[in-house]
Amino acid sequence: TMDFAASAYVFPGGRLDPEDYELGKALNEDAVDLAALSVRMSADPAQTRGLLMCAVRELEEEAGVIVDPHSLVLLDHWVTPEWEKLRYDVRFFIAHMPEDQTARPLGTEAVEARWLSPSAAIREADEGKILLMAPTRAALEHLLDHSEIATLVAASDARDIVPRMDRLQIEVDGYEHWTIVHDRT
């Protein structure tokens, strides 16, 4: 199991490797507005290229699906709270599923792998059957708002993406609750 978020249901993904930066240098800048995408991703152009290649690599490694990095659309950006021992700074992407491919769980990082619809995953989390981290749940909830991939892509392209982070808030009366902080890093 993974050290971070053990037992949680998550999307394919992983660490940005040095090779991702190298592979990212080959991206066609005419096919993507790298400057605008870098601002949306809160990243410099080299990191943006690397993150796109990382997403492509991880999707292939964990699900057997190969996508063009130029087809990735940024869905969200989350950062772990400052107090967490293991930190992440993750971007969520969407893409059209290639017609000639079938996603299948691969790799050794997961104890269990299965595909759930967004509504089924949220329902199982609400019933206490599975664990969803806040970023995964937020992505699933955004997916629920769109029944067609074209409208999902358009809505995601139009979203103002800023890093989001869970933060514990303690009110004057001592009441504790979690809130989501939005901020550009």
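Quick note: structure is the one above.
Residues numbered from 1 in each chain as written. Predicted model: local features only at pLDDT ≥ 70, side-chain atom pairs only at ≥ 80, totals over all residues. Heavy atoms only, no water.

*Asks:* So what exactly am I meant to see when it comes to the pattern of salt bridges here?
*Replies:* Oppositely charged side chains may form a pair once their charged atoms are brought near each other. Under the defined criterion, the tally for this structure stands at 11 salt bridges. With its nearest N and O atoms 3.3 Å apart, the salt bridge here joins Asp 17 to Arg 57. Separated by 40 residues along the polypeptide, Asp 17 in the loop between β1 (8-9) and α1 (18-24) and Arg 57 in helix α3 (residues 45-63) bring together distant segments of the chain. In this structure, Arg 164 and Asp 76 form a salt bridge, with 2.8 Å as the shortest nitrogen-oxygen distance. One end of the pair, Arg 164, is in strand β5 (residues 164-170); the other, Asp 76, is in strand β2 (residues 73-79), with 88 residues separating them in the sequence. Per residue, the accessibility class of Arg 164 equals that of Asp 76, and both read buried. Salt bridges linked by common partners bring Asp 17, Asp 20, Arg 57, Glu 58 and Glu 61 together as one network. (Salt bridge = Lys/Arg side-chain N within 4 Å of Asp/Glu carboxyl O. Helix = DSSP H or I, 4+ residues; strand = E, 2+ residues; numbered from the N terminus. Buried < 20%, exposed > 50% of the residue type's maximum accessible area, 1.4 Å probe, protein only.)

*Asks:* Honestly, α3 in this entry has me stumped. Any pointers?
*Replies:* Because each turn of an α-helix spans 3.6 residues, side chains separated by three or four positions end up pointing in the same direction. Here α3 spans 27 Å end to end across 19 residues, near enough to the 27 Å set by a 1.5 Å rise per residue. Within α3, the full set of buried residues consists of Thr 48, Arg 49, Gly 50, Leu 51, Leu 52, Met 53, Cys 54, Val 56, Arg 57, Glu 58, Glu 62 and Ala 63. On its buried face, α3 sits against α1, α2 (34-40) and β3 (89-94). The distance from a side-chain oxygen at the start of α3 to the backbone nitrogen of Ala 46 is 3.0 Å, and the residue carrying that oxygen is Asp 44. In the stretch just after α3, Gly 64 is the one whose phi turns positive, near 70°. (Expected span 1.5 Å × (residues − 1). Contact = heavy atoms within 4.5 Å. Polar contact = N/O pair within 3.5 Å; in protein donor to acceptor, adjacent residues only side chain to side chain.)

*Asks:* Sorry if this is basic, but what is going on with the side chain of Arg 49 here?
*Replies:* By the secondary structure assignment, Arg 49 is in helix α3. Those residues in contact with Arg 49 that sit more than four places away from it in its chain are Asp 20, Gly 24, Lys 25, Leu 27, Glu 29 and Leu 34.

*Asks:* Is there a simple way to think about the environment of Leu 116 in this case?
*Replies:* Mapping Leu 116 onto the fold places it in the loop between β3 and α4 (118-126). Measuring from C-alpha to C-alpha, the distance between Leu 116 and Tyr 9 comes to 9.9 Å, with 107 residues separating the pair along the chain. Those residues in contact with Leu 116, other than ones at most four positions away along the chain, are Tyr 9, Ala 121, Glu 124 and Ile 130.

*Asks:* Any chance you could explain the nonpolar core here in plain terms?
*Replies:* Generally speaking, soluble globular proteins have nonpolar side chains that are buried together. Ranked by size, the top nonpolar core spans 17 residues in total, and within it Leu 75, Ile 94, Ile 130, Leu 132 and Leu 140 carry the most contacts. Mapped onto this core, the elements with two or more residues apiece are β2, β3, α4, α5 (134-144) and α6 (149-158). Ranked by the residues each element gives to this core, the list is headed by α5, at 4 residues. Not counting chain neighbours up to four residues away, the residues in contact with Ile 94 comprise Ser 71, Leu 72, Val 73, Leu 75, Leu 143, Leu 152, Val 153 and Ser 156. By size, the runner-up hydrophobic cluster in this structure holds 16 residues, among which are Leu 37, Met 41, Leu 51 and Leu 52. (Core = buried A, V, L, I, M, F, W, Y, C linked by side-chain atoms within 4.5 Å.)

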